[in-house]
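Fold and contact review
Chain by chain, the residues run as shown.
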Amino acid sequence: MVPSEIRALFAVANRPEVVSLAGGMPYVAALPLDIVGEMLGELTQRRGAQALQYASAQGDPELRARICEVMALEGVHGSPEDVIVTVGSQQALDLLTRIFVDPGDVVLAEAPSYVGALGTFAMYQADVVHVAMDDEGLIPQALRETLDRLGREGRRVKFLYTIPTFQNPGGVTLPASRRAEILEICASYGVLVIEDNPYGLLGFDGEPMRALRADDPDHVIYLGSFSKTFAPGFRVGWALAPHAVRAKLVLAAESAILSHSSFSQFAVREYLTTQPWKQQIKSFREMYRERRDAMLESLEALMPEGTTWTRPAGGFFVWVTLPEGLNAKAMAPRAIAERVAYVPGTGFYADGQGRRNMRLSFCFPEPDRIREGIRRLAAVVEREIDLRDTFGTAHAPERTGMDTPGPDTA
């Protein structure tokens, strides 16, 4: 475990004068907080003796049934018996890595990948091998070539970790044709797939995409979360796993936390049972679409030539590639001095890649605030280009370990 060099920068980034395009925090102020407050008060009055008591490590049975209804929107038909409730999907990642990974085992992950997952894999001393992505997500041929190479080297791959829909940090989405091919490749090589899907219901156009788990329940473990579609403060996520894996997850959860928060589980169950949660997700989608559009329009209008970025169809993030010779991590302190913050790309790789990249988040700031943030950022990039042209390419000092932002920026 290595402390992050950029963590101190984010403490500054949280000041009100700084436009933070770093945090992956959902805009929970858009919830009907008065109604949620009344719901929680009534829950305490009616069910307080149960909601404030210990719970089972697998999770509340009624909540697990509601979770199956949520997953059905993406074509996943699982049994409540094979669902385990977790403390956000982050805990599910930790438990699965604890179960499957011994030091030195290989875990495959997209390049780039979710910083919280990379930190967990590092904690258990996994060897993370990245697989290339493009604007349509994980590249099947790159996956096949990587598995062939690792096989020749005699190295065992424990699982592939992927966020196929509105990926964090890339913002890209795997099309249906690639999903089928990747499932076929992993099945033929005997590789388990961990599908992390926190953003799947937050698409801006059309119906939700069909999850990987929907087409291969035997080889895919599905992770979900209410942090993005309800509220992260309750810390309720889940895993849907084959029966034998689910049993091990329950044992691991008992060892880690004994039991989950009954109150949080009852609160989410009550919300799903009594509130128009599908309509609330529709409102979130419309709000995030407006903010996505503000960011993409501002990038197009203001960013200097040579800068490129992804165009997400949902989720929270845009992945930016800076012009040749620029270093997003080295530039970060200068950006914060100009009152704008982002997450440097190096935090999303296990092997030092990502110097020219940054992740921008559009989920939390208002559209006008996003526009002002991009204006400030573009000015910083312009000055970096001038410095590059005057003094040549410069790189930040190398260090061991990963840059892992805190939960407000993950």
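A short tour of the structure in this document, coming up. (Residues numbered from 1 in each chain as written. Predicted model: local features only at pLDDT ≥ 70, side-chain atom pairs only at ≥ 80, totals over all residues. Heavy atoms only, no water.)

On to the side chain of Asp216, then. In this structure, Asp216 sits in the loop between α8 (212-215) and β8 (220-225). Within the buried set, Asp216 has no salt-bridge partner at all; the shortest N-O distance to an opposite charge, 7.9 Å, is to Arg213. Excluding anything up to four places from it in sequence, Asp216 contacts Leu183 and Ala187. (Helix = DSSP H or I, 4+ residues; strand = E, 2+ residues; numbered from the N terminus. Buried < 20%, exposed > 50% of the residue type's maximum accessible area, 1.4 Å probe, protein only. Lys, Arg positive; Asp, Glu negative; His and termini not counted. Salt bridge = Lys/Arg side-chain N within 4 Å of Asp/Glu carboxyl O. Contact = heavy atoms within 4.5 Å.)

Taken in spatial order, the 4 strands make up an open sheet running β10-β11-β14-β13, and their pairing is antiparallel. Edge positions in the sheet fall to β10 (308-309) and β13 (343-344), since each of these pairs with one other strand and no more. Where β13 meets strand β14 (residues 357-361), 2 bridges bridge the pair, whose relative direction is antiparallel. Within β14, the position partnered with Pro344 by the bridge is Met358. (Pairing = 2+ DSSP bridges.)

With the rule as written, the count across this model stands at 3 cavities of 30 Å³ or more. Volume-wise, the largest cavity comes out at about 90 Å³. Around the largest cavity sit Val70, Glu74, Asn197, Pro198, Gly200, Leu201, Tyr222, Gly224, Ser225, Thr229 and Trp238, which together line it. The element that contributes the greatest number of residues to the lining of the largest cavity is β8, accounting for 3 residues. (1 Å grid on protein atoms, 1.4 Å probe; cavity = no way out; pocket = protein on both sides within 12 Å on 5 of 7 lines; lining within 4 Å. Points joined across faces, edges and corners; volume = space filled by probe spheres on them.)

Across the 6 residues that make up strand β3 (residues 106-111), a large majority, 6, are buried. Inspection of the sheet shows β3 paired to strand β4 (residues 127-134) by 6 bridges, in the parallel sense. The residue of β4 that forms the bridge with Ala109 is His130. At this point the chain moves from β3, through helix α5 (residues 115-123), to the parallel β4, and the crossover so formed is right-handed. Note: β3 against strand β6 (residues 157-162), 4 bridges, orientation parallel. Opposite Val106, over in β6, you have Val157 as the bridge partner. (Right-handed = clockwise from strand over helix to strand, strands pointing away.)

Note that every value here comes from positions in space, so none of it alone points to a role or purpose.
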